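Chain residues, written in single-letter form:
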Amino acid sequence: MRIAIGNDHVAIDMKNEIKNYLAGQGIEVIDVGTNSPERFNYPISGYKVAKLVTSGEVDCGVLICGTGVGISLAANKVHGIRACVCSDPYTARLSKQHNNTNIIAFGARVVGIETAKMIVDEWLNATYEGGRHQNRIDMIAEIEQTQDLKAAEE
Ligand code: RB5
């Protein structure tokens, strides 16, 4: 498995801890984030990880900033990305099972490192369930591609 990881200046320590944690499980990690304490604009990492995911160069992505909000918003602007910012392992797991998320995000100022590891574990170990969930994901894609949603007119 290959995972892309990205961060801003707030999340350098957590990024490196998660990166090492994943590498310790034999996962190949591509780090496109910053390691400089200078201010770093999180959309750059969000965009880079998102493009690696949609191009198929990696299987999925992990994004970390102060809250996880800005960096996930940036990633979600790339067509085909379903990035979920979360602070708990339950949401992380369900976001894969029901929403087929391809990027998980969290905040270095919000969760501790052990919770962050649990979030990543639950997310990576979960499987998309398909079935009734696929129609809803297709609707999200329809909004993304057309800025319209036929079902909303019915
Ligand atoms: C940086 O100060 C902070 O805004 C950023 O890390 C993140 O929390 C944005 O959503």
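Look up: the structure comes first, before these words.
Before going into details, it helps to say that this report is about the structure given with it.

### Notes on the side chain of Gln97
Relative to the helices and strands, Gln97 is located in helix α4 (residues 89–97). With residues up to four places along the chain from it excluded, the contact list for Gln97 reads Ala126, Thr127, Tyr128, Glu129, Gly130 and His133.

### Quick look at the site of the ligand
Around the ligand, the neighbouring residues are Asp8, Val10, Tyr42, Cys65, Gly66, Thr67, Val69, Gly70 and Arg109. Here an oxygen atom of the ligand and a side-chain polar atom of Asp8 are 2.5 Å apart. Contacts to the ligand include Gly70, whose backbone N or O atom sits 2.9 Å from an oxygen atom. Counted by class, the shell around the ligand contains 4 nonpolar, 3 polar and 2 charged residues.

### A look at the packing of α4 against helix α5 (residues 113–125)
One can describe the packing of α4 onto α5 by two numbers: an axis separation of 8 Å at closest approach and a directional angle of 20°. By the angle between their directions, the pair α4 and α5 is classed as roughly parallel. Classified by chirality, the crossing of α5 by α4 is right-handed. Note on element contacts: α5 touches α4 through Met118, Ile119, Glu122, Trp123 and Leu124, opposite Pro89, Ala92, Arg93, Ser95 and Lys96.

### Overview of the pairing of strand β2 (residues 28–31)
By the bridge criterion, 4 bridges tie strand β1 (residues 2–7) to β2 in an arrangement that is parallel. When the bridges of β2 are listed, Ile3 appears paired with Val29. Each parallel crossover has a hand, and the one from β1 via helix α1 (residues 12–23) to β2 is right-handed.

### Observations regarding the nonpolar core
With 22 residues, the main nonpolar core has Ile18, Leu22, Ile104, Phe106 and Leu124 as its most contacted residues. Among the elements of the structure, β1, α1, β3 (60–65), β5 (103–107) and α5 are those that each provide at least two residues to this core. Beyond its immediate stretch of four places on either side in the chain, Leu124 contacts Met1, Ile3, Leu22, Ile27, Cys60 and Lys96. Counting residues in each nonpolar core, the second largest holds 16 residues, with Leu52, Val78, Ile81 and Ile103 among its members.

Cut-offs and rules
- Per chain, residue numbering runs from 1 following the sequence as it is written.
- Only residues with pLDDT of at least 70 get local features here, since the model is predicted, and only at 80 or more are side-chain atom pairs given and counted; chain-wide, interface and lining totals rely on the full set of residues.
- Hydrogen atoms and water are omitted, and side-chain values are computed over all heavy atoms in the structure.
- Numbering of helices and strands runs from the N terminus, with a helix taken as a DSSP run of H or I at least four residues long and a strand as a DSSP run of E at least two residues long.
- Throughout, a residue-residue contact means that at least one pair of heavy atoms, one from each residue, lies within 4.5 Å.
- Nearness here has a simple test: a residue counts as near a molecule or strand if at least one of its heavy atoms is within 4 Å of that partner.
- Two N or O atoms count as a polar contact when they lie within 3.5 Å, although within protein this holds only if one can serve as hydrogen donor and the other as acceptor, and sequence-adjacent residues are included solely when both atoms are side-chain atoms.
- By the convention adopted, Pro, Cys, Tyr, Trp, Phe, Met, Ile, Leu, Val and Ala count as nonpolar, Lys, Arg, Asp and Glu as charged, and the other residues, Gly among them, as polar.
- Note on geometry: axes are C-alpha line fits, over the in-contact stretch for helices, and angles between N-to-C directions span 0 to 180 degrees.
- In this scheme, roughly parallel covers angles under 35 degrees and roughly antiparallel covers those over 145, while 65 to 115 is roughly perpendicular and the rest are oblique.
- In a left-handed crossing the near helix is turned counterclockwise from the far helix by less than a right angle, and in a right-handed crossing that turn is clockwise.
- Should DSSP find at least two bridges between two strands, the strands are taken to pair.
- A right-handed crossover is one whose linking path, passing over the helix from the first strand to the second, runs clockwise when the strands point away from the viewer.
- As used in this record, nonpolar core signifies buried Ala, Val, Leu, Ile, Met, Phe, Trp, Tyr and Cys residues forming a set joined through side-chain atoms within 4.5 Å.
- Exposure is judged per residue with a 1.4 Å probe applied to protein chains only, and the accessible area is read against the type maximum: over 50% gives exposed, under 20% gives buried, and values in between give partly exposed.

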